[in-house]
Amino acid sequence: SMADIRIVWDPERMLGDWLRVGSGLDTSRELVTAVAVALFTHRTAEDDDPLPHFASDRRGWWGDHEAREIHGGWPIGSRLWLLSREKQTEETRARAEEYIREALDPFVTHRICERYELVVDWFAHERLGAEITLYRGPRESVAVRFESLWDEVLN
């Protein structure tokens, strides 16, 4: 199904550019920014996650550990950063999809969107891309395309 609003994320300027706009924009820009923060902020690695290139820092934000108790929130970010040294394989693509879903599922749990569709694929040599379409009931759906997850994760 087609989204009403389509956005391509510009990592240089940290903002989304509209490809096609529906009748009203309401909170779409904020929603896309929230998705970008969810994907490109470094979530704390799990205890059993192998860290890339002999790193010892599990990253993440100290406030995540009590996010639920303090403000009813959830851990910020994704574990995509763990893939920084991985090769262009199906396993890497599948892990990226798993990490993105982990970052986006709270959007549904906390009713920020009704549901989402996600496509993660290699669309060029060592260029992992993702298209996320967020459905918000009667309001316009929003699709955002991240064309170079790899570069954005490394920054």
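What you see is a predicted model, and the numbers here were worked out from it, not measured in a lab.

To continue, consider the nonpolar core. In this structure, V35, L39, I100, I132 and F146 are the most contacted members of the largest nonpolar core, which totals 31 residues. Among the elements of the structure, α1 (28-40), α3 (90-109), β3 (115-124), β4 (127-136) and β5 (139-146) are those that each provide at least two residues to this core. Contacts of I132, omitting those with residues within four sequence positions, involve V35, L39, I100, L104, E117, L118, V142, A143, V144 and F146.

This part is about the packing of aromatic side chains. For the structure on display, the rule yields 1 aromatic pair. Note on F40 and F146: the rings are 5.2 Å apart at their centroids and 75° apart in plane angle, and the pair reads as edge-to-face. Here F40 is found in helix α1, whereas its partner F146 is found in strand β5, with 106 residues between them in sequence. With respect to burial, F40 and F146 carry one shared label: buried. In this arrangement the basic side chain of R115 is found over the ring face of Y135, its NZ or CZ atom lying 4.0 Å from the centre.

To continue, consider the pattern of salt bridges. Following the criterion strictly, the structure yields 8 salt bridges and no others. Ionic pairing is found between R93 and E90, a salt bridge with its closest N-O pair at 3.0 Å. Taken as a pair, R93 and E90 lie in helix α3 at a separation of 3 residues, close to a single helical turn. On the accessibility criterion, R93 (15% relative accessible area) is buried. E97 is paired through a salt bridge with R93; the nearest N and O atoms lie 2.7 Å apart. One end of the pair, E97, and the other, R93, are both in helix α3, 4 residues apart, so they sit about a helical turn from each other. Note on accessibility: E97 and R93 belong to one class, buried. When salt bridges with common partners are traced through the structure, they connect D49, R79, E98 and E102 into a single cluster.

When you tally the buried positions in β4, you get 9 out of 10 residues, the bulk of the element. Alignment of β3 against β4, held across 9 bridges, turns out to be antiparallel. The residue of β4 that forms the bridge with V119 is E131. Between β3 and β4, which pair antiparallel in sequence order, lie 2 residues; one of them, E126, sits at a positive phi of approximately 55°.

Residue position: R95 is located in helix α3. When its relative accessible area of 16% is taken as the criterion, R95 is described as buried.

With 20 residues, α3 should cover 28 Å at 1.5 Å per step; its first-to-last C-alpha distance of 28 Å lies within 8% of that length. In the structure, α3 departs most strongly from a straight axis at A103, where the bend amounts to approximately 30° and where the proline P106 lies between one and four residues downstream. Residues of α3 that are buried: T92, R93, R95, A96, E97, Y99, I100, A103, L104, P106 and F107. A positive phi of about 60° marks R111, the residue just after α3.

Basis of the calculations
- Residues numbered from 1 in each chain as written.
- Predicted model: local features only at pLDDT ≥ 70, side-chain atom pairs only at ≥ 80, totals over all residues.
- Heavy atoms only, no water.
- Core = buried A, V, L, I, M, F, W, Y, C linked by side-chain atoms within 4.5 Å.
- Buried < 20%, exposed > 50% of the residue type's maximum accessible area, 1.4 Å probe, protein only.
- Helix = DSSP H or I, 4+ residues; strand = E, 2+ residues; numbered from the N terminus.
- Contact = heavy atoms within 4.5 Å.
- Phe/Tyr/Trp six-rings, centres within 6.5 Å; stacked < 30°, edge-to-face > 60°.
- Lys NZ or Arg CZ within 6 Å of the ring centre and 35° of its normal.
- Salt bridge = Lys/Arg side-chain N within 4 Å of Asp/Glu carboxyl O.
- Pairing = 2+ DSSP bridges.
- Expected span 1.5 Å × (residues − 1).
- Bend = angle between axes of the 7 residues up to and from the residue.

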